2 protein chains.
Amino acid sequence: MKFEIMRHRLIDGLNDVMKAISSKTTMPILTGIKIEVTEEGLRLTGSDSDITIQTLIKVEENGEQVIRVIEEGSIVVQARMFNEIVRKLPTNDVEIEVNEQFKTHIRSGKSEFHINGFDASEYPLLPEIQDDRQFSMPADLLKSIVRETVFAISTSESRPILTGVHWQVKNGELICVATDSHRLARRKTTLEQMPEGEYSVVIPGKSLTELSKIIGDSSVPVHIVMTNQQVLFKTSDVSFYSRLIEGTYPDTSRLIPNEFNTNVTIDGKALFQAIDRASLLAREERNNIVRFTSLEGNVVEISSSSAEIGKVEEEIQTTLIEGEELKVSFSAKYMMDALKAVGGQDVMVKFTGSMRPFIINSVHDDAVLQLIVPVRT
Amino acid sequence: MKFEIMRHRLIDGLNDVMKAISSKTTMPILTGIKIEVTEEGLRLTGSDSDITIQTLIKVEENGEQVIRVIEEGSIVVQARMFNEIVRKLPTNDVEIEVNEQFKTHIRSGKSEFHINGFDASEYPLLPEIQDDRQFSMPADLLKSIVRETVFAISTSESRPILTGVHWQVKNGELICVATDSHRLARRKTTLEQMPEGEYSVVIPGKSLTELSKIIGDSSVPVHIVMTNQQVLFKTSDVSFYSRLIEGTYPDTSRLIPNEFNTNVTIDGKALFQAIDRASLLAREERNNIVRFTSLEGNVVEISSSSAEIGKVEEEIQTTLIEGEELKVSFSAKYMMDALKAVGGQDVMVKFTGSMRPFIINSVHDDAVLQLIVPVRT
């Protein structure tokens, strides 16, 4: 194997695949990056066995020659070290050559590295993916969907299924749900050209978070292929594979109330900031709990107190309070997470008494729905 | 005590004094900030008993009223909490009022905090400072002096005196020296209006690092007052006190060689980058050691190797190599620290054989001198 490449493009490719590399892997070969050179270009693969990221740097891009392939071949090099070496090379011209003992020579300017590589045939193969359950959406929409749901997964391994986000394709709609059993986030999306039939997968939250970091904020399409064990997110130059979580996701539709006793229409940003302030004292206590009290004249009071430190109160003028008087306590963090996910200015907070789950959504639609279980105080 | 203040100025003041606050203090009152309001303005004091920072926010600044004093007084409030509350208040107008039980009310917009304060008379008094050993220098020069020396202090508590920087006033010159016994940094500065006589102090490295963070990069004068137990750095609005380290600093002048066998004149930046690259492999081994070898034609080779990972070699064209051939090994980190401190383009590296300490300084002067002890390989 021997090729020359422009350093800045090699760095771009490494930026993508390095996100899959973990130092805590149990398979030593996965501390490495697989480098394959063909007529087409340079393919880099990184994996922690849960996530696999593959990127292709083409020989020519926009009429500019990026890679000169002298001899095809493949090698695995220690990922962290290779990444740091490439970043620090003195010139933009890099030559990489592998000889028969997997010795890898990296040359740039007057700098010459000789590092020990590993046999690429020992690197795990990518999962086989059939293309039958496939749809696509713009990258920025995909990022939104992840941002609006993934924070609500459980971080506890006691119910592994809840550490993932449930993606369900049904009646031409994609419904994504995450819950840790104290709160729930749901995002509904209608997409064109959804495949026939109903099916669903549970994608590890960590995979979705990593995916978000490598896809851009553009509207370029991302192709999504679901199989029984794996999901693949694919753009023109990056393929992102994730394992799925096995098991049956709980039916969460019954948890979401349909009838409400108190509806509050409020500026979501003002509510967020008041809770953020109240949380300063609340989080010194055990549960970071704030109180939400409806007052006369469409006013809501946010308050919290800590025996040791003191107390805080703040009134917010709402747009409208409909229905019964209400006093409810909940986790400041859950409410702030929910308001961030709903976004926008005006939100509806809908209650069914002070001890039943309540929901938050935009006044315009319920594409993003957030549910929080109150706490007793 | 009661006053109103513009929030952004209070935040500026907190930014300064918070740098002295440590959560690891053994005196509970030092987890607090002392707030004193007088006709003159608002004085904030923070301390971890090693460092004390005091800042004064004047009632009026540039013709603008910053503070309205309604009632003079003082209080101590829990520093971290108070700092976070002030940062998150909804408006730029802040009212603070203390009643007889040290209860502190903070009002801004419709937000109202009631926090428990502490008796300001329990806060330690500032050290008394006599003004006899006083001189001054521009803030940016002070920052340079710290940057060029403080990295070379010892981080081990086995010889506490070496965890400080030795500041010596002698013959109208300020000489600052730091050493961990494997390398040494020395900075000489000639200042106008130095006080008569010889005296010296040892300032904790940590204090100097914190000082660097709060003084700006401007040329405003910083007044420096040395006493037996404390040193004070004072600008128009901030006073920074540090304890001194007791004991006698070793005489380091004898360590610095005067005669050399090999003198290398070289581009400091090129040398830095080559060592940075070689260090990638070197630091996988125990000591992060690189080799420096003089070759024919004014060329130097930087190299290192790791049995497990591989090796790296790089040639650098120097300006001139005078004297004997040389092969020497040293810590990549020490050399990179030294080159950063010397700065500039062209540096001299002067050796007395491969096992004796060697020095690095600018080709223009030796105001900044760096010394490194080589290692056997």
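Note that the structure is a prediction, hence the values are computed from the model and not measured. Residue numbering note: each chain is counted from 1, following its sequence as written. Just so you know, chain letters begin at A and ligand numbers begin at 1, following the order they were written in. Owing to the predicted nature of the model, reporting of local features is limited to residues with pLDDT of at least 70; listing and counting of side-chain atom pairs is limited to 80 or more, with chain, interface and lining totals taken over all residues.

## So, the relation of the copies chain A and chain B
Superposition of the two copies of the chain requires a rotation about an axis and a shift along the axis. For the least-squares superposition of copies, only C-alpha atoms count, and only for residues with pLDDT at least 70 in both. Superposition record for chain A on chain B: RMSD 0.0 Å, screw rotation 180 degrees, translation along axis 0.0 Å. Both copies of the chain, as the preceding transformation shows, are related through a two-fold rotation axis. A residue pair is marked as a contact if its C-beta atoms, positioned from the backbone, fall within 7 Å. Most of the interface of chain A is mirrored in chain B, where 100% of its interface residues again form contacts.

## Overview of the domain arrangement of chain A
Where a domain begins and ends is set by an automatic assignment or by a domain database. According to the domain assignment, chain A contains domain 1 (2-122), domain 2 (134-253) and domain 3 (256-372). Here the C-alpha centre of domain 3 of chain A lies 51 Å away from the C-alpha centre of domain 1 of chain A.

## Quick word on the sheet that holds strand 16 (residues 199-204) of chain B
By way of backbone hydrogen bonds, the strands of a sheet pair with one another, either parallel or antiparallel. Residues and elements named next belong to chain B. At least two bridges found by DSSP between two strands is the condition for calling them paired. Helix and strand labels come from DSSP, where a helix needs a run of H or I of at least four residues and a strand needs a run of E of at least two; each type is numbered from the N terminus. Read from one edge of the open sheet, nine strands run 16-13-14-15-28-27-26-20-24, paired in antiparallel fashion. In the strand order of this sheet, the two ends are held by strand 16 and strand 24 (320-323), each with one partner. Ignoring strand direction, the axes of neighbouring strands in this sheet form an average angle of 15 degrees. Here the axes come from fitting lines to C-alpha atoms, over the contacting stretch only for helices, and the angles between their N-to-C directions go from 0 to 180 degrees. Sitting on the sheet, helix 3 (residues 139-149) is in contact with strand 13 (164-170), strand 14 (173-179), strand 15 (183-190) and strand 28 (368-372), with an inclination near 160 degrees to strand 15. Each of strand 20 (262-267) and strand 26 (346-351) touches helix 5 (residues 268-282); the most contacted strand, strand 20, lies at about 90 degrees to it.

## Observations concerning the interface of chain A and chain B
Many structure descriptions define interface size as the accessible area lost when the parts assemble. Counting from both sides, the interface comprises 24 residues of chain A and, opposite them, 24 residues of chain B. Among the secondary structure elements, those contributing two or more residues to the side of chain A that touches chain B are helix 2 (79-88), strand 11 (111-116), helix 5 (268-282) and strand 23 (310-317) of chain A. Lys, Arg, Asp and Glu make up the charged group, whereas Ala, Val, Leu, Ile, Met, Phe, Trp, Tyr, Cys and Pro make up the nonpolar group; the residues left over, Gly among them, are polar. Taken together, the residues of the side of chain A that touches chain B break down into eight nonpolar, six polar and ten charged. Judged from the five bridges that link them, strand 11 of chain A and strand 23 (residues 310-317) of chain B form a sheet pairing that is antiparallel. When the sheet's bridge partners are listed, A:His114 is paired in strand 23 of chain B with B:Lys311.

## Looking at the environment of B:Lys340
Note on placement: B:Lys340 falls in helix 6 (residues 332-342). Separated by 193 residues in the primary sequence, B:Lys340 and B:Arg147 place their C-alpha atoms 9.2 Å from one another.

## Some words on the packing of helix 5 of chain A against helix 2 (residues 79-88) of chain B
Following both chains from N to C, one finds helix 5 of chain A and helix 2 of chain B inclined at 175 degrees, their axes separated by 10 Å at the closest point. Here helix 2 of chain B runs roughly antiparallel to helix 5 of chain A, going by the angle between their axes. Between helix 5 of chain A, through A:Asp276, A:Arg277 and A:Leu280, and helix 2 of chain B, the contact on the second element is made entirely by B:Met81, B:Glu84, B:Ile85 and B:Lys88. Tallied by class, the residues present in the contact of helix 5 of chain A with helix 2 of chain B amount to three nonpolar, no polar and four charged. When describing relative orientation, an angle under 35 degrees is termed roughly parallel and one over 145 degrees roughly antiparallel, while 65 to 115 degrees is termed roughly perpendicular and anything else oblique.

## Thoughts on the sheet that holds strand 16 (residues 199-204) of chain A
All names here are of chain A. Reading across from one edge, 16-13-14-15-28-27-26-20-24 is the order of the nine strands in this open sheet, with antiparallel pairing throughout. The two strands at the open ends of the sheet, each matched to only one other strand, are strand 16 and strand 24 (320-323). Taking each pair of neighbouring strands and ignoring which way they run, the sheet shows an average axis angle of 15 degrees. Relative to strand 15 (residues 183-190), strand 14 (residues 173-179) runs antiparallel, the two sharing seven bridges.

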